[in-house]
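Structural overview for review
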Amino acid sequence: MGFAQTKDPRYQPKPYVELKHPEWSKNATIYEVNIRQYTKEGTFKAFEKHLPRLKKMGIDILWLMPIHPIGEEHRKGKLGSYYSVKDFKGVNPDFGTLKDFKSLVDKIHAMGMYVIIDWVGNHSAWDNPLTKEHPDWYTKSREGNFQPTPWYDWDDVIDFDYNNPDFREYMTGALKYWVKEANIDGYRCDVAGFIPVDFWDNAREEMDAIKPVFMLAEWESRDLYKKSFDATYSWTLWDKLKLATTGGKGANALYEYMAHDVGSFPLDSYRMLFTDNHDKNSWEGNQFSNFGKGLETAMVLCGTANGMPLVYSGQEAGLDRSLEFFEKDEIIWKDHKFYGLYQKLFELKHKNQALWNGKCGGEMIRVTNNQMNDVLSIYREKNNDAVLSIYNFSDKSLPTSVDTKYYNGQYRELFTGKIYNINSEKTNLNLKPWEYLVLVKN
């Protein structure tokens, strides 16, 4: 006989994520826009010409790197860092005017895409007027001087003090300003973990009262998911993918990540997955040097694993160098197979619920095979949609037997269209070096 389950509220599971994700983010992809390097002109207007191409590739959210005027005092290089903000309510004149920016936002919305801007809330430029108007809003060194964020060598910026309620009110007002004034859809927040969570919790609530916003934290921890952020960075997956490819460690390098993703991250958290972004590209090589012959394998995994896939400016055109960070360094646009690769992955992401974000998608289930050191196999399923993906993270041809007892059915491989009839306990495959199969259940 069965026993009645306890009704004691102390023992009932409670979802950790309390915020409500914008409806449109549940199967969204994201793209990081480096306006300065995107075109010869480096303006909002010039970037507009690329919107149809990005829409066709399957991009939903455009994240623009900071659009604000850049500090001149202690500037790095000729043009300075986007992340040294001189005016949180201003527009960088190199990019255009506020009117140009609003026009870009309107065009993005008209095409059924969304736009978030980069927010640098932890520090400002040395010559931000707040240093004169409210010097008490900054932390100070023992000598009583402005200081860069402690322990970092960010000499071109100085550190804010979030213990000051007036400063919090100003910053929240500035965040709301762009949502109201330019109708943006949210923010990517720089070093979000250096800013107190209770500040973010409240700021999110105040912005959501204007319209539902999407918030991405440049951080990786679960405390931000409760009330503040829809998504955080998966820096860890990037590190593990590098180990699995150019690090020579194979699929073995990825299992711990998968276990933690399924076991320790809240069900409805979104993790942003990437093979490149402006930080990695500027300071740690480029997509080809970081992942070598395993680059495509890593890209495809980022498009099918649990999370929201990111493309960085130029990746889809085969960007094979680090872009200058403080100088002009235009991206060379050309046709490249990565564009088609992303297009196929994102089309699948949009329509196949197994690959949707957070609780709308399917859990990553570990599928065993006889080459576990080198071959990663994952099954995801949601509402009759299912994807079985298999990745050879090695430079060897591997005869691989995948345990498919629970995954029988007819599948179509995403990139080749080849049909796989899986109808036995084991499915034998001959995987070429770095080969990936994305098997979509019919």
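Just so you know, these numbers come straight off a predicted model, no measurement behind them.

Helix and strand content of the protein chain: 13 helices and 18 strands. Radius of gyration (C-alpha) of the protein chain: 23 Å, near the 22 Å computed for a compact globule of 442 residues. Along the longest, intermediate and shortest principal axes, the C-alpha atoms of the protein chain span 75 × 60 × 45 Å. Relative to its full complement of 442 residues, the protein chain shows a buried share of 58%. Of the roughly 19100 Å² that the protein chain leaves accessible, carbon and sulfur atoms contribute 51%. One way to put it: in the protein chain the 56 positive side-chain charges average out to a point 6 Å from where the 62 negative ones average out.

Bringing the environment of His109 into the picture now. Here His109 lies in helix α4 (residues 98-110). Put simply, His109 and Asp60 are 49 residues apart on the chain and 10.0 Å apart in space, counted from C-alpha to C-alpha. Apart from the residues within four sequence positions on either side, His109 is in contact with Tyr114, Val115, Asn183, Asp185 and Lys211.

Moving on, we get to the pairing of strand β6 (residues 186-189). Here β6 shows two buried faces, one formed by Gly186 and Arg188 and the other by Tyr187 and Cys189. Two elements, strand β3 (residues 114-119) and β6, share 3 bridges in a ladder whose sense is parallel. Among the inter-strand pairings, Ile117 is bridged to a residue of β6, identified as Tyr187. Summarising the sheet, β6 and strand β7 (residues 214-217) pair through 4 bridges and their orientation is parallel. Among the inter-strand pairings, Gly186 is bridged to a residue of β7, identified as Phe214.

Glancing now at the nonpolar core. Of all hydrophobic cores here, the largest spans 120 residues; its most connected members are Tyr187 and Trp200. Domain assignment of the residues forming this core places at least three in each of domain 1 (16-362) and domain 2 (365-441). If near-sequence neighbours (up to four positions away) are discounted, Trp200 is found in contact with Trp119, Leu175, Cys189, Ala192, Ile195, Met215, Leu224, Ser228 and Phe229. Judged by nonpolar contacts, the second largest core, of 16 residues, contains Leu388, Ile390, Leu429 and Leu439.

Take the packing of helix α6 (residues 165-182) against helix α7 (residues 197-208) next. Close contact between α6 and α7 brings their axes to 10 Å; oriented N to C, the two are set at 35 degrees. Judged by the sense of rotation from one axis to the other, the crossing of α6 with α7 is right-handed. Here Arg168, Met171, Thr172, Leu175, Lys176 and Val179 of α6 lie close against α7, whose contacting residues are Asp198, Phe199, Trp200, Asn202, Ala203, Glu206 and Met207. For the contact of α6 with α7, the residue count by class is 7 nonpolar, 2 polar and 4 charged.

The UniProt record annotates "domain: Glycosyl hydrolase family 13 catalytic" (unreviewed entry) at residues 41-349. In the segment residues 41-349, helix accounts for 37% and strand for 12%; the C-alpha atoms at its two ends are 33 Å apart.

What follows concerns the pairing of strand β17 (residues 426-431). Here β17 shows a clear split, with Thr427, Leu429 and Leu431 buried on one side and none of Lys426, Asn428 and Asn430 buried on the other. For strand β14 (residues 398-403) and β17, the ladder comprises 6 bridges, and the chain directions are antiparallel. Of the residues in β17, the one forming a bridge with Val402 is Thr427.

Summed over all chains, the structure comprises 27 salt bridges. Linking Arg188 and Asp279 is a salt bridge whose minimum nitrogen-to-oxygen distance equals 4.0 Å. Note that Arg188 is positioned in strand β6 and Asp279 in helix α10 (residues 278-283), a separation of 91 residues in sequence. Between Lys426 and Asp403 there is a salt bridge whose closest N-O contact spans 2.5 Å. In this pair, Lys426 is assigned in strand β17 and Asp403 in strand β14, connecting sequence segments 23 residues apart. When its relative accessible area of 48% is taken as the criterion, Lys426 is described as partly exposed.

Ordered by their spatial adjacency, 8 strands build a closed barrel running β1-β2-β3-β6-β7-β8-β9-β10, and the pairing between neighbours is parallel. Direction aside, the axes of adjacent strands within the sheet are offset by 25 degrees on average. On top of the sheet, α6 reaches β3 and β6; it is set at about 155 degrees to β3, its chief contact.

On to the domain arrangement of the protein chain. What the domain assignment reports for the protein chain is domain 1 (16-362) and domain 2 (365-441). Measuring from the centre of the C-alpha atoms in domain 1 to the corresponding centre in domain 2 gives 32 Å. With 34 residues of domain 1 in contact, the opposing surface of domain 2 contributes 23 residues. Regarding the contact of domain 1 and domain 2, the summed buried area is about 2400 Å², with carbon and sulfur atoms giving 65% of it. Its largest share of buried area at the contact with domain 2, domain 1 owes to Tyr255, Thr297 and Lys344, together 22% of the area lost on that side. The interface formed by domain 1 and domain 2 contains 0 salt bridges. Counting across the interface, domain 1 meets domain 2 through 15 residue pairs in polar contact (both at pLDDT 80 or more). Every element with two or more residues in the side of domain 1 that touches domain 2 is listed here: α8 (235-244), α9 (255-264), α12 (295-304) and α13 (337-351). Considering only residue class, the side of domain 1 that touches domain 2 consists of 17 nonpolar, 11 polar and 6 charged.

Calculation notes
Residues numbered from 1 in each chain as written. Predicted model: local features only at pLDDT ≥ 70, side-chain atom pairs only at ≥ 80, totals over all residues. Heavy atoms only, no water. Helix = DSSP H or I, 4+ residues; strand = E, 2+ residues; numbered from the N terminus. Rg over C-alpha atoms; globule rule 2.2 N^0.38 Å. Buried < 20%, exposed > 50% of the residue type's maximum accessible area, 1.4 Å probe, protein only. Areas by Shrake-Rupley, 256 points an atom, 1.4 Å probe, with all protein chains shown as cover. Lys, Arg positive; Asp, Glu negative; His and termini not counted. Charge placed at Lys NZ, Arg CZ, Asp CG, Glu CD. Contact = heavy atoms within 4.5 Å. Pairing = 2+ DSSP bridges. Core = buried A, V, L, I, M, F, W, Y, C linked by side-chain atoms within 4.5 Å. Domains from an automatic or database assignment. Axes fitted to C-alpha atoms, helices over the stretch in contact; angles between N-to-C directions. Left-handed = near helix turned anticlockwise from the far one by under 90°. Nonpolar A, V, L, I, M, F, W, Y, C, P; charged D, E, K, R; others polar. UniProt positions renumbered as here; feature names shortened; annotations may be inferred. Salt bridge = Lys/Arg side-chain N within 4 Å of Asp/Glu carboxyl O. Buried area = accessible area lost by both parts, 1.4 Å probe. Polar contact = N/O pair within 3.5 Å; in protein donor to acceptor, adjacent residues only side chain to side chain.

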